[in-house]
Amino acid sequence: GAGVSQSPRYKVAKRGQDVALRCDPISGHVSLFWYQQALGQGPEFLTYFQNEAQLDKSGLPSDRFFAERPEGSVSTLKIQRTQQEDSAVYLCASNLRGRNTEAFFGQGTRLTVV
Amino acid sequence: SQQGEEDPQALSIQEGENATMNCSYKTSINNLQWYRQNSGRGLVHLILIRSNEREKHSGRLRVTLDTSKKSSSLLITASRAADTASYFCATVLTGANNLFFGTGTRLTVIP
């Protein structure tokens, strides 16, 4: 695709509801990242995939957060039993293999938990 | 947790002036990158500087890196109103692939 695509752009969830956020990376990009960005803050690292392997999930804030990338392309970030503090913009990024490459970001999903 | 911190948190300048933003980080890095974010949008990559480089230019952007001080600076010359955005530094740690972002500088360029 032309860029990283995230859906939905906006999600309102009732507290306790489960949500699933989707990321379509740029075709051929090996690495995929998820970030959480609170209002007025920088993006906080959540997790990182290389192909289908989740190599780092140290940033996931609790066991309610789960991410997968089963075929090494599309990724889903799932949040179970959402709480108000989960309200944030969730950003997905991808890049070609290698650490000396730029990351391409999607527009993000703004999650509001009410 | 944030890996880096930008300074200042907010900067307001007149169009045509230069803008300088600083970034400090904590641990050994492979490279440092600068990103821009317009309100409500995703981040856009501006420039990457490797740990063995000291200065890099791209158009009106100039980035410096001092690994001994664990700091970097981004200079935007001849600023334009369209440069109004938040600017973030991000580091790739030695031996890692993931990007860790700083807290950001909110730049306002007044026409």
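Structural notes, computed from the coordinates. The structure presented is a predicted model; accordingly, all values stated were derived computationally and were not measured.

This part is about the nonpolar core. Burial of nonpolar side chains together is a common tendency in soluble globular proteins. By size, the foremost hydrophobic cluster in this structure holds 39 residues, and its most contacted members are Phe105 of chain A together with Leu32, Trp34 and Phe101 of chain B. By size, the runner-up hydrophobic cluster in this structure holds 20 residues, among which are Val4, Val19, Cys23 and Leu46 of chain A.

Going through the model one piece at a time under the given rule, you end up with six salt bridges over all chains. With its nearest N and O atoms 2.7 Å apart, the salt bridge here joins aspartate 24 of chain A to arginine 22 of chain A. When its relative accessible area of 37% is taken as the criterion, arginine 22 of chain A is described as partly exposed. Between aspartate 83 of chain B and arginine 60 of chain B there is a salt bridge whose closest N-O contact spans 2.9 Å. Linking aspartate 83 of chain B in the loop between β8 (71-76) and β9 (85-93) with arginine 60 of chain B in the loop between β6 (55-58) and β7 (61-66), this pair joins segments that are 23 residues apart in sequence. You can call arginine 60 of chain B partly exposed: its relative accessible area is 23%.

Our focus in this paragraph is unusual backbone geometry. Cis geometry is adopted by the peptide bond preceding proline 8 of chain A, which originates at serine 7 of chain A and carries an omega value of -10°. Cis rather than trans, the peptide bond between aspartate 7 of chain B and proline 8 of chain B has omega equal to 0°. Here proline 8 of chain B shows up in the loop between β1 (4-7) and β2 (10-14). Even without a glycine there, the phi angle at arginine 81 of chain A is positive, about 50°. On the basis of relative accessible area, arginine 81 of chain A is assigned to the partly exposed category, the value being 44%.

Definitions and cut-offs
- Residues numbered from 1 in each chain as written.
- Chains lettered and ligands numbered in written order.
- Predicted model: local features only at pLDDT ≥ 70, side-chain atom pairs only at ≥ 80, totals over all residues.
- Heavy atoms only, no water.
- Core = buried A, V, L, I, M, F, W, Y, C linked by side-chain atoms within 4.5 Å.
- Buried < 20%, exposed > 50% of the residue type's maximum accessible area, 1.4 Å probe, protein only.
- Salt bridge = Lys/Arg side-chain N within 4 Å of Asp/Glu carboxyl O.
- Helix = DSSP H or I, 4+ residues; strand = E, 2+ residues; numbered from the N terminus.

In short, geometric facts, not functional conclusions.
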